[in-house]
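# Reading the structure
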Amino acid sequence: MDELLSPEQLLSSLTQIEEAFRSDIAKVATLADLQQVRAKYSGKKGLVTAKMKALSSVPDPVQKKEFGRRINELKNFVEDSLKGRELLLKEGEQERRLLTEKIDITLPGKSVQFGRTHPINQVLSEIKDIFVSMGFGIEDGPEVELDHYNFEALNIPRDHPARDMQDTFYISDDVVLRTHTSPVQVRVMEKTKPPLKIIAPGKVYRCDADVSHTAMFHQVEGLMVDTDVSFGDLKGVLELFIRSFFGKDTPVRFRPSYFPFTEPSAEVDIGCVFCKGAGCRVCKTTGWLEVLGSGLVNPRVFEMTGYDPARYSGFAFGMGVERMTMLKYSIDDIRLFYENDLRFLRQF
Ligand code: DAH
């Protein structure tokens, strides 16, 4: 309807808009209010915008110029006021957020619990590291094993009394849960030509449970075969291992023993870690603790795996990882390893 207004009316309508704007902007309290005022005056359909459009319909050039100047003034005033107001509101908003969202850095934080390697795995890694540093490779075998590998091929036939030494879990007549890691020796010899130098760490199972036995535990098997392997090599390797693992001044002794798969066989003892050899309840007053079984590979085992016993000799050994860990850290109950009590596990 602006086209119908006289130039005086047009000018006075600008004054009205300016007054209305001053009163509106004075009432603005939030950024949302500001947005509304901006739309009302300088938006696409705003009051000031409409006046700018009406400019073209003023016929008299002098009046047009004067009118244009006034509209521009009004437009600049409106825009400057809006901007100024916006800045103030934003500052206020920031201050409000700083106040309401501030964090109390003196409050104690939530601590993150770190997991750690199980003591058995720590000791397993340590044992592996020592043998790998002596040039041994690492081999693996199945936990569900054929009777043949677990017993027969290790010179433990069906009627052999040594079968009773290892209370076996039978899966079927000729399948067992392996009772030791020794079957890996046979599997490795079947697939590899000598010379060889390996260890085979892994889980083994026996139907047995008390303070020093669990139905599942870990062993590390060792096997070295070459043309001239002697008992001296066996002693050298195992002494070096034991002194690396238990400390360089650890007393070590080899005691004659019997295993069907080695001949001669020896059990290896270390000076009792509890009484330092003086004799105590743990070492049954002998001053010595048994740590592993060993011996020179029985020629019958070589024959069964296809190695020529006239040409090759070798040594083998086997140790219990739980036992090694208990001796190293003076732990008196094997079940602690499998109860998942964090108070115990966090000590390692
Ligand atoms: N397999 C035996 C056991 O579980 C340990 C052992 C003894 C392994 C003598 C050997 C060895 O390789 O030569 O009690």
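These remarks concern the structure in this document. Here the structure is a predicted model, which is why all the values come from computation and not from measurement.

So, about the sheet that holds strand S1 (residues 137–138). Working definition: the strands of a sheet are paired by backbone hydrogen bonds and lie parallel or antiparallel to each other. Spatial strand order, S1-S5-S6-S10-S9-S8-S7: seven strands in an open sheet with mixed pairing. Across the chains shown, the open sheet's two edge strands, defined by having one partner strand only, are S1 and strand S7 (252–259). Pairing of strand S6 (residues 216–226) with strand S10 (residues 313–320) involves eight bridges; the strand directions are antiparallel. Residue Gln219 lies in a different strand from S10, and its bridge partner there is Gly320. Contacts between helix H8 (residues 183–191) and the sheet are confined to strand S5 (196–205), S6 and S10, with S6 contributing the most and set at about 40° to the helix. In the packing of helix H11 (residues 321–329) onto the sheet, contacts are made with S6, strand S9 (288–297) and S10, and the angle to S9 comes to roughly 145°.

Further remarks concern the sheet that holds strand S3 (residues 170–172). The three strands are arranged S2-S4-S3 in an open sheet whose pairing can be described as antiparallel. Whereas interior strands pair on both sides, the edge strands pair on one side only; in this sheet they are strand S2 (144–146) and S3. Adjacent strand axes in the sheet meet at a mean angle of 35° when their direction is disregarded.

Next up on the list: the pattern of salt bridges. Taken as a whole and assessed by the stated rule, the structure comprises 19 salt bridges. We note a salt bridge from Glu66 to Arg69, for which the minimum N-O separation is 3.1 Å. A residue pair is termed a helical-turn pair when its members lie 3 or 4 positions apart in one helix, as Glu66 and Arg69 do in helix H4 (residues 61–100) at three residues. The class of Glu66 is partly exposed, set by a relative accessible area of 32%. With relative accessibility at 43%, the residue Arg69 sits in the partly exposed group. It is possible to trace a salt-bridge network through shared partners that takes in Glu66, Arg69, Arg70 and Glu73.

Conventions adopted
- Residues numbered from 1 in each chain as written.
- Predicted model: local features only at pLDDT ≥ 70, side-chain atom pairs only at ≥ 80, totals over all residues.
- Heavy atoms only, no water.
- Pairing = 2+ DSSP bridges.
- Helix = DSSP H or I, 4+ residues; strand = E, 2+ residues; numbered from the N terminus.
- Contact = heavy atoms within 4.5 Å.
- Axes fitted to C-alpha atoms, helices over the stretch in contact; angles between N-to-C directions.
- Salt bridge = Lys/Arg side-chain N within 4 Å of Asp/Glu carboxyl O.
- Buried < 20%, exposed > 50% of the residue type's maximum accessible area, 1.4 Å probe, protein only.

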